[in-house]
Every structure is written in structure tokens, then in C-alpha cells.
Amino acid sequence: MKKQHYILMKKTNKKETFYIDYEKMDGYKVTPKNKVKYDGIIVNKLIVIKPSFTKKLLIKKSKRKLEEYLQYIINIMDNDDSTDSGELNRALNSLERYRRTVMNTYRMYLDDKYYKLLLQKIDLIEQELSKKLYIINSKTYAQEDKKGKSR
């Protein structure tokens, strides 16, 4: 038996119940992550159908994520001694995963202009992380060459 989903709406002080077929709905699916205690309705999944709201939501989400990566790069540039190549590799992998998410999921909801701009920003951040990784790797190889072989 097919599981039915219902939504409770309030109109003019009367409560009405409507059947919604979620399989036919096209929209951006959101699952809330906050853990706020609330006695009311618990939301497990939300589908945003309105394109303008979806666009605003994804732009805000992508700006927040890019700011997080930029802050990480600033921290790396400030702390030259404490960074290692493993940490930078994890950041590059995370950035690549975010790029794939943008390309596969966000593309259909965003404008082409903003989509291309977002990918350019991701490329720029990736180049900066790659440069920093190259500098750190070259320093470690130079230090190993100075030590020489011990037998």
C-alpha cells in the first residue's frame, strides 16, 4: 500500500486537509538541520516549489559556503607553520565535492549567469589552495634534500 502524505492548512479559521502527491512535485528538497525544541509540528522534509524562492535560498546557501572556504584560506595564509598537506588535500576534496553538488543539483535552479560566476569563484578558491599545497610540498622536499641520506 502506498504511503500517503498530508498537509494541514489553516484558512479563515477552518482547518482543511489536502492530499499532496510528492512524487509528481518538482522542486528543491530541504531537510531541516536545526535541533530547536518545539512543541508544534515537526518538519522532516520540505519541498520548495516556487522558483524565485528556490533561487534565493540557493544563492544564500552558496554564499555562506564560499565564505566558509574563503575564511579557511585566510586562516591558512596566516598560519604558514601549522598547515600540512593533508589538511589542504581534505579542503581540495571538499571543494571538489561542493563543485559537483553545484553542477548536478543547483544548476537547474540557478540562472546561467550566477551559475557561471559561482563556478569561477570555486575555480579561484581551488587555484589558491593548489598554490598553497605546491608551496608546502616544495618546502618539504627542499628540507628532505638538505638532510641527505643517512646510512
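Residues numbered from 1 in each chain as written. Predicted model: local features only at pLDDT ≥ 70, side-chain atom pairs only at ≥ 80, totals over all residues. Heavy atoms only, no water.

1. A look at the nonpolar core
When a protein is soluble and globular, its nonpolar side chains tend to lie buried together. Inclusion rule: Each nonpolar core is a collection of buried residues, namely Ala, Val, Leu, Ile, Met, Phe, Trp, Tyr and Cys, held together in the definition by side-chain atoms within 4.5 Å. To sort residues, take the accessible area from a 1.4 Å probe on protein chains only and compare it with the maximum for the residue type: under 20% means buried, over 50% means exposed, and anything in between is partly exposed. By definition, any uninterrupted DSSP run of H or I lasting at least four residues is a helix, any uninterrupted run of E lasting at least two residues is a strand, and each is numbered from the N terminus. In what follows, a contact means two residues having at least one pair of non-hydrogen atoms within 4.5 Å.
If you look at the biggest cluster of nonpolar residues, it comprises 24 residues, and the most contacted ones within it are Tyr98, Val102, Leu118, Ile122 and Leu129. Every element with two or more residues in this core is listed here: α1 (51-78), α2 (85-104) and α3 (112-147). Take this core: its biggest share by element is nine residues, from α3. Ignoring anything within four residues of it in the chain, the contact list for Leu118 reads Ser62, Leu66, Tyr98, Val102 and Leu110.

2. What about the side chain of Arg99?
Assignment of secondary structure puts Arg99 in helix α2. You can call Arg99 buried: its relative accessible area is 10%. Once residues within four sequence positions are removed from consideration, Arg99 is found in contact with Leu119, Ile122, Asp123 and Glu126.

3. Focus: α2
Stated formally: In this scheme, a helix's expected span is set at 1.5 Å multiplied by one less than its residue total. The arc refers to the directions leading from the helix axis to the C-beta atoms.
Taking 1.5 Å of rise per residue, 20 residues should cover 28 Å, and α2 covers 28 Å from first to last C-alpha, within 8% of that figure. Listing the buried residues of α2 in full gives Leu88, Ala91, Leu92, Ser94, Leu95, Tyr98, Arg99 and Val102. The buried residues of α2 all sit within an arc of 165 degrees when viewed along its axis, so they share a single face. Exposed positions of α2 whose direction lies more than 90 degrees from the buried face are Arg90, Asn93, Arg97 and Asn104.

4. Points about a positive patch on the surface
Let me state the cut-off plainly: Patches here are clusters of residues that have more than 30% relative accessible area and form no salt bridge, with a 9 Å joining cutoff for like charges and a 5 Å cutoff for nonpolar side chains (Val, Leu, Ile, Met, Phe, Trp, Tyr). To be clear on the numbers: accessible area is Shrake-Rupley with a 1.4 Å probe, and residue cover counts the displayed protein chains and nothing else. Salt bridge criterion: a side-chain nitrogen from Lys or Arg within 4 Å of a carboxyl oxygen from Asp or Glu. A positive count includes Lys and Arg, and a negative count includes Asp and Glu. His and the chain ends are not counted in either. Charged groups are reduced to one reference atom each: NZ for lysine, CZ for arginine, CG for aspartic acid, CD for glutamic acid.
Taken together, the side chains of Lys33, Lys35, Lys60, Lys61 and Arg64 make up a positively charged region of the molecular surface. Examined against the element boundaries, Arg64 turns out to sit in helix α1.

5. Some thoughts on the layout of surface pockets
The following threshold applies: Buriedness for pockets is judged along seven lines, at least five of which must meet protein on both sides within 12 Å for an open set on the 1 Å grid over protein atoms alone, while cavities are sets there where a 1.4 Å probe fits but cannot get out, and lining residues have an atom within 4 Å of a point. Grid points are joined across faces, edges and corners, and a volume is the space filled by probe spheres set on the points. Only Asp, Glu, Lys and Arg are considered charged, only Ala, Val, Leu, Ile, Met, Phe, Trp, Tyr, Cys and Pro nonpolar, and every remaining residue, Gly among them, polar.
Of the voids in this model, the second largest pocket is the one considered here, and its volume is about 320 Å³. Considering the residues around the second largest pocket, the lining is formed by Tyr28, Lys29, Val30, Thr31, Pro32, Lys33, Leu46, Phe53, Leu57, Lys60, Lys61 and Arg64. Those elements that place two or more of their residues in the lining of the second largest pocket are β3 (28-30) and α1. Considering each element in turn, the lining of the second largest pocket owes the most residues, five residues, to α1. Class assignment of the residues belonging to the lining of the second largest pocket gives a composition of six nonpolar, one polar and five charged.

6. Considering the pattern of salt bridges
Applying the stated criterion across every chain, the model contains six salt bridges. The residue Lys131 makes a salt bridge to Glu128 at a minimum N-O spacing of 3.9 Å. On the criterion of helical spacing, the pair formed by Lys131 and Glu128 is a turn pair, its members being three residues apart in helix α3. With a relative accessible area of 29%, Glu128 lands in the partly exposed category.

7. Quick notes on the side chain of Ser62
Counting through the fold element by element, Ser62 comes out in helix α1. For Ser62, a relative accessible area of 0% puts it in the buried group. Dropping the residues within four chain positions of it, Ser62 is found in contact with Tyr98, Tyr114 and Leu118.

8. Quick word on the packing of aromatic side chains
Rules: By convention, a stacked pair of Phe, Tyr or Trp rings (six-membered ring in the case of Trp) has centres within 6.5 Å and planes under 30 degrees apart, an edge-to-face pair has planes over 60 apart, and any other such pair is tilted.
In total, this model carries three aromatic pairs according to the counting rule given. Seen from their ring centres, Tyr28 and Tyr106 are 6.3 Å apart, and the 75 degrees between their planes marks the pair as edge-to-face. Taken together, the positions of Tyr28 in strand β3 and Tyr106 in the loop between α2 and α3 put the pair 78 residues apart, joining distant regions of the chain. With a relative accessible area of 8%, Tyr28 lands in the buried category. Take Tyr106: its relative accessible area is 4%, and that puts it in the buried class. Taking the centre distance of 5.6 Å and the plane angle of 75 degrees together, the rings of Tyr28 and Tyr109 count as edge-to-face.

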